[in-house]
Amino acid sequence: MTATGLRRFREPPESGRAGGPGETRCELCGEVAGDDHDHVVNTETRALLCACRPCHLLFTRDEGTGRRYRAVPRRYLYAPSFRLNPADWEELQIPVRTAFFFRNSAADRVVAFYPSPAGATESLLPLGAWERVLAANPELADAQPDVEALLVDRRPDGTFACHLVPIDACYELVGLVRLHWKGFDGGREAREAVDGFFASLRERSRTIPPEPPEPPESPEPGGDDGG
Ligand SMILES: [Zn+2]
Ligand SMILES: [Zn+2]
C-alpha cells in the first residue's frame, strides 16, 4: 500500500497559517474569513480552501457535476450501527481502526483512504463493495461527492460505527494521527487523540437510527369498560 493519494490531500491551511486568530483570509477573494469559516474543495486538485461566507454560498448550489469548486457543507450524521461486511473490511487491508470513503467526481469513482503516520493513504475498494455498503446503509447514501465522506470506525469488538462528515473533518483526523503517531501501532497518545476526535464528532452529530423505528407499543388498557 503506497501513499499515492497523499500529495493530493493538502492540509487545511489553518495548521500552517501565519496570521493570528481571526486573521484567516478567504482563499478565493482575499477577504477576512474569520476563525469559524467554511471551506470549499477544488475538485481537480483536491485542495481544501478557506472561504468567506459569500464565496462559500456561491458554490453551495448544486449545479451538476464538472464544477471546479464545491462548498463543504456542515452536516454531521452518526450511525452507531453501521452495516459493513467484515469480509469487505478485511479486503481493504486497512491497518488502523478507521477509514473514510467519498466519491471523487473528477476520477468518477469512490475512493477509500485511511490516516497513517505518512498522511492519508489510499486503499483499493473491493469490487462492488461500495454498492453493498450503500445498499445496507441507505440512510447514508446521499453523501455529496467530493465534499462529504463516510468515516468508518471499527470498534475493538469488530462492529462498525460510521459518521457522515464534511471532508475537512477527515483532513483534521489525518493531521491528528500524523501529529501523535508513535512506533508501530501509534501508541497511547494517538489512541487518545483519535478517541477525543470521535467523541467531539458524536457531540455535534445527529444520530441516525440503524433500524426503522419500532412501532410505538400501544398500551393495552386491558380491562373492559363494562357496558
Ligand atoms: Zn471570499
Ligand atoms: Zn480554513
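Everything numeric here is computed off the predicted structure, so don't read it as measured data.

Undergrad: How should I be thinking about the sheet that holds strand 3 (residues 69-71) in this particular structure?
TA: Sheets are built from strands that pair by backbone hydrogen bonding, the pairs being arranged parallel or antiparallel. Read across the open sheet, the three strands follow the order 2-1-3; overall the sheet is antiparallel. Only two strands of the sheet have a single neighbouring strand rather than two, namely strand 2 (48-51) and strand 3. Across this sheet, the average inter-strand angle for adjacent strands is 35°, counted without regard to direction. Judged from the four bridges that link them, strand 1 (residues 38-42) and strand 2 form a sheet pairing that is antiparallel. Within strand 2, the residue paired with His39 across the bridge is Cys50.

Undergrad: Can you help me understand the packing of aromatic side chains in this one?
TA: The way to describe two aromatic rings as a pair is by their centre distance and the angle between their planes. Under the counting rule described, the total for this entry stands at six aromatic pairs. Seen from their ring centres, Phe102 and Phe113 are 6.1 Å apart, and the 10° between their planes marks the pair as stacked. In this pair, Phe102 is assigned in strand 5 (residues 98-104) and Phe113 in strand 6 (residues 109-116), connecting sequence segments eleven residues apart. Across the pair, Phe113 and Phe102 agree in class, each one buried. Among the aromatic residues, those joined into a ring-pair cluster are Phe100, Phe102 and Phe113. One residue, Arg204, lies across the ring of Tyr76, its end atom 5.1 Å from the ring centre.

Undergrad: Help me understand helix 4 (residues 167-180), please; the structure alone is not making it clear to me.
TA: Along an α-helix, residues three or four positions apart point the same way, because every turn accommodates 3.6 residues. The terminal C-alpha atoms of helix 4 lie 21 Å apart, and with 14 residues this matches the ideal 20 Å at 1.5 Å per residue to within 8%. Three or more residues of helix 4 are buried, namely Ile167, Asp168, Ala169, Cys170, Tyr171, Leu173, Val174, Val177 and His180.

Undergrad: Looking at this structure, I do not really get empty space enclosed by the protein. What am I missing?
TA: One water molecule sets the probe size; rolling that probe over the atoms shows where empty space is left. Throughout the structure, instances matching the rule amount to one cavity of 30 Å³ or more. Its boundaries defined by the atoms lining it, the largest cavity holds a volume of some 70 Å³. The wall of the largest cavity is formed by Phe82, Leu84, Asp88, Leu92, Phe101, Leu125, Ala129, Trp130, Val133 and Val152. Listing elements by their share of the lining of the largest cavity, those giving two or more residues are helix 2 (86-92) and helix 3 (129-136).

Undergrad: For this particular structure, what's the right way to read the domain arrangement of the chain?
TA: A common measure of how large an interface is: the accessible area buried when the components associate. According to the domain assignment, the chain contains domain 1 (22-72) and domain 2 (77-207). Just the C-alpha atoms count here: the centres of domain 1 and domain 2 sit 23 Å apart. Contact residues are listed per partner, giving eight residues for domain 1 and eleven residues for domain 2. Summing the contributions of domain 1 and of domain 2, the shared interface buries around 890 Å²; its carbon and sulfur component is 57%. Of all residues in domain 1, the largest losses of buried area upon contact with domain 2 belong to Arg46, Arg70 and Val72, amounting jointly to 56% of the total for that side. The interface formed by domain 1 and domain 2 holds two salt bridges in total. As a salt-bridge pair, Asp146 and Arg46 come within 3.0 Å of each other at their nearest N and O atoms. Our count for the domain 1 to domain 2 interface comes out at four residue pairs in polar contact (both at pLDDT 80 or more).

Undergrad: Hey, could you run me through the pattern of salt bridges in this one?
TA: Side chains that differ in charge, positive against negative, can pair when their charged atoms come close. Using the criterion set out here, one finds 15 salt bridges in the structure. Between Arg68 and Glu44 there is a salt bridge, and its shortest N-O distance comes to 3.8 Å. Taken together, the residues span a long stretch of sequence, with Arg68 in the loop between helix 1 (53-58) and strand 3 and Glu44 in the loop between strand 1 and strand 2 at a distance of 24 residues. The exposure class of Arg68 is partly exposed, given its relative accessible area of 43%. Across the salt bridge formed by Arg109 and Glu122, the nearest N and O atoms sit 3.1 Å from each other.

Undergrad: What should I look at first to understand the coordination of the zinc ion (ligand 1) in this one?
TA: By definition of the ideal shapes, four donors in a tetrahedron about a metal sit 109.5 degrees apart, and six donors in an octahedron sit 90 or 180 degrees apart. Summarising the metal site, the zinc ion (ligand 1) is bound by the protein donors Cys26 (SG), Cys29 (SG), Cys52 (SG) and Cys55 (SG), whose distances to it range over 2.3 Å. For the zinc ion (ligand 1), the four donor atoms in the first shell make angles of 105 to 115° at the metal, so the coordination geometry reads as tetrahedral. The motif formed by the donor residues of the zinc ion (ligand 1), counted along the single chain, is C-x2-C-x22-C-x2-C. Within this pair, whereas Cys26 is found in the segment before strand 1, its partner Cys52 is found in the loop between strand 2 and helix 1, the two being separated by 26 residues in sequence.

What counts, and at which threshold
- Residues numbered from 1 in each chain as written.
- Chains lettered and ligands numbered in written order.
- Predicted model: local features only at pLDDT ≥ 70, side-chain atom pairs only at ≥ 80, totals over all residues.
- Heavy atoms only, no water.
- Pairing = 2+ DSSP bridges.
- Helix = DSSP H or I, 4+ residues; strand = E, 2+ residues; numbered from the N terminus.
- Axes fitted to C-alpha atoms, helices over the stretch in contact; angles between N-to-C directions.
- Phe/Tyr/Trp six-rings, centres within 6.5 Å; stacked < 30°, edge-to-face > 60°.
- Buried < 20%, exposed > 50% of the residue type's maximum accessible area, 1.4 Å probe, protein only.
- Lys NZ or Arg CZ within 6 Å of the ring centre and 35° of its normal.
- Expected span 1.5 Å × (residues − 1).
- 1 Å grid on protein atoms, 1.4 Å probe; cavity = no way out; pocket = protein on both sides within 12 Å on 5 of 7 lines; lining within 4 Å.
- Points joined across faces, edges and corners; volume = space filled by probe spheres on them.
- Domains from an automatic or database assignment.
- Contact = heavy atoms within 4.5 Å.
- Buried area = accessible area lost by both parts, 1.4 Å probe.
- Salt bridge = Lys/Arg side-chain N within 4 Å of Asp/Glu carboxyl O.
- Polar contact = N/O pair within 3.5 Å; in protein donor to acceptor, adjacent residues only side chain to side chain.
- Donors = N, O, S within 2.8 Å, 3.2 Å for Na, K, Ca; no water.
- Tetrahedral: all angles 85-135°; square planar, octahedral: opposite > 155°, others 65-115°.

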